[in-house]
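Structure assessment
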Amino acid sequence: MFEGELEQGELEIGQVSALIKEVKPASEIIKDLVKEYEEARMELSEDKWKLND
Amino acid sequence: MIWCSPWELASAVSNAGGLGVIGAGSMYPDVLKIHVKRCKTATSKPFAVNLPLLYPDLDQHIQTVIEEKVPIVFTSAGSPSKWTEILKKEGITVVHVVSSVKFALKAQECGVDAVVAEGFEAGGHNGREETTTLCLIPAVKKELNIPLIAAGGIGTGRAMLAAFALGADAVQIGSRFVASVESSAHTKFKQEVLKIKEGGTKLMMKQLAPVRMMKNGFYEKVQEAESRGATIDELFHLLGRGRAKKVCLKANWNKANWKSDKCRL
């Protein structure tokens, strides 16, 4: 991971790696996370998600 | 976050409003000291150090976090019974990483301040129970009385929201930051991470110490060994070679420790 040996090194990474599309500065990653989180939170507050009236 | 989380990443995360964690498992004792000192100058916010409890020179790492007054320590890969009290006496907040309800409760008994419960999706060392984050978090939440941090499969804002819906008080994000500018993973590895598709990682070496890894040449060797029924000794040898030669700084992890029940990885 450190030396860049991609074939014979043990490269530890999680399943969520399939969703990573860009190398970014940590501050931007956090901004993106917060933005998506807030958007998703708003979506869930829509009336269509109400199960009981 | 072994190999990937230097002071540059930890301080950047803390400065951006998260809690940055220095991964000490891949650092020599004097290297950790430098990273902690630099992190302190790079951020005025709290940051943490992750100490895998099977680390060969753990005493020296413990001494560093105490001397340097690191505010928070995440312990993993071992039993928190011995070290929690020692760290807490020094005023350090202790968080222990587990992958089951059973070990979450043990950690709570040991007096830790919070627990990270990490599901099957996570990279690196993983639980034998293979419980997914979706099932693990509500189960731990039901039993645990201290703060619960969810991990495993969380790399998006949507997953963060889902974790809170499951009962988590906070989330821990690893893999996403491997592909950050500040991560110390090799540039080639970062580029490789971007190419990983669905199914591109697998949990291997369940006999020895389950670990989720990217599918590559090393993975194929492990798979070949496992499918012909290789012994634990053979797997250990393979793992040792893969890590020592190509990835890891230090291959002198005590073999007995890997097999010990106490030292669950």
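See the structure printed just above.
Residues numbered from 1 in each chain as written. Chains lettered and ligands numbered in written order. Predicted model: local features only at pLDDT ≥ 70, side-chain atom pairs only at ≥ 80, totals over all residues. Heavy atoms only, no water.

1. Structural notes on the overall build of chain B
The cut-off we apply is this: The secondary structure listing takes helices from DSSP runs of H or I that are at least 4 residues long and strands from runs of E that are at least 2 residues long, numbered from the N terminus. Burial classes: relative accessible area under 20% of the type maximum marks a residue as buried, over 50% as exposed, and values in between as partly exposed (1.4 Å probe, protein chains only). Contacts between residues were defined by any pair of non-hydrogen atoms, one from each residue, lying within 4.5 Å. Accessibility throughout is a Shrake-Rupley quantity obtained with a 1.4 Å probe, and a residue counts as covered only by protein chains that appear here.
From N to C terminus, chain B includes 12 helices and 10 strands. Expressed as a percentage of the 265 residues in chain B, the buried residues total 53%. For chain B, contacts bridging at least 24 residues in sequence account for 53% of all contacts bridging at least 6. In the structure as shown, chain B presents an accessible area of about 11,400 Å², 52% of it carried by carbon and sulfur atoms.

2. A short note on helix H3 (residues 58-67) of chain B
Because each turn of an α-helix spans 3.6 residues, side chains separated by three or four positions end up pointing in the same direction. Residues and elements named next belong to chain B. Basically, it comes down to this: The directions considered for the arc run from the helix axis to the C-beta atoms.
The set of residues buried in H3 consists of Leu-58, His-61, Ile-62, Thr-64 and Val-65. An end-on view of H3 places all buried positions within 160 degrees of arc, on one side of the element. Looking at the buried residues of H3, the elements they touch are helix H2 (29-42), strand S2 (47-52), strand S3 (72-76) and helix H4 (83-89). A positive backbone phi angle near 55 degrees is found at Lys-69, which sits one or two residues after H3.

3. Re unusual backbone geometry
Residues and elements named next belong to chain B. One non-glycine residue, Glu-130, lies in the positive phi region at around 60 degrees. Looking at the secondary structure, you find Glu-130 in the loop between strand S6 (124-125) and helix H6 (133-143). On the basis of relative accessible area, Glu-130 is assigned to the partly exposed category, the value being 32%. A positive phi angle is found at Met-205, which is not glycine, with a value near 55 degrees. By the element assignment, Met-205 lies in the loop between strand S9 (201-204) and strand S10 (211-214).

4. What to know about the sheet that holds S9 of chain B
The strands making up a sheet are joined through hydrogen bonds of the backbone, oriented either antiparallel or parallel. Residue and element names in this part refer to chain B. Filter applied, for reference: In this analysis, strands are considered paired if DSSP registers two or more bridges between them. For every element, the axis is a line fit to its C-alpha atoms; helices are fit only across the contacting stretch, and the angle between N-to-C directions ranges from 0 to 180 degrees.
Ordered in space as S6-S10-S9, the three strands form an open sheet in which the pairing is antiparallel. What marks the edges here is a single partner per strand, and that holds for S6 and S9. For S6 and S10, the ladder comprises two bridges, and the chain directions are antiparallel. Looking across to S10, one finds that His-125 is bridged to Val-211. Each of S9 and S10 is contacted by helix H10 (residues 217-227), which is oriented at about 40 degrees to S9, the strand it contacts most.

5. What about the interface of chain A and chain B?
Test applied: Here the quantity called buried area is the total loss of accessible area, with a 1.4 Å probe, experienced by two parts when brought into contact, counted for both. Here a salt bridge means any side-chain nitrogen of Lys or Arg lying within 4 Å of a carboxyl oxygen belonging to Asp or Glu. In protein, a polar contact requires one atom able to donate a hydrogen and another able to accept it; more generally it is a pair of N or O atoms within 3.5 Å, and residues adjacent in sequence count only if both atoms are side-chain atoms.
Counting residues at the interface gives 36 residues for chain A and 60 residues for chain B. Between chain A and chain B, the buried area comes to about 4,500 Å², and carbon and sulfur atoms account for 66% of it. The tally of links between chain A and chain B comes to one salt bridge. In this structure, Glu-43 of chain A engages Arg-158 of chain B in a salt bridge whose closest nitrogen and oxygen atoms are separated by 2.9 Å. At the boundary of chain A and chain B, one finds 16 residue pairs in polar contact (both at pLDDT 80 or more).

6. Quick notes on the packing of helix H1 (residues 26-44) of chain A against helix H7 (residues 157-166) of chain B
Convention followed: We call two directions roughly parallel when the angle between them is under 35 degrees, roughly antiparallel when it is over 145, roughly perpendicular when it lies between 65 and 115, and oblique otherwise. Should the near helix be turned counterclockwise from the far one by less than a right angle, the crossing is left-handed, whereas a clockwise turn marks it as right-handed. Throughout, the ten residues Ala, Val, Leu, Ile, Met, Phe, Trp, Tyr, Cys and Pro are labelled nonpolar, Asp, Glu, Lys and Arg are labelled charged, and all others, Gly among them, are labelled polar.
Contact pair H1 of chain A / H7 of chain B: the axes reach a minimum separation of 7 Å and the direction vectors enclose 55 degrees. Our classification of the angle between H1 of chain A and H7 of chain B gives oblique. Relative to H7 of chain B, H1 of chain A is oriented so that their crossing is right-handed. Within the contact between the two elements, H1 of chain A uses Leu-33, Glu-36, Tyr-37, Ala-40, Arg-41, Glu-43 and Leu-44 of chain A and H7 of chain B uses Gly-157, Arg-158, Met-160, Leu-161 and Phe-164 of chain B. Across the contact of H1 of chain A with H7 of chain B, the residue classes break down as seven nonpolar, one polar and four charged.

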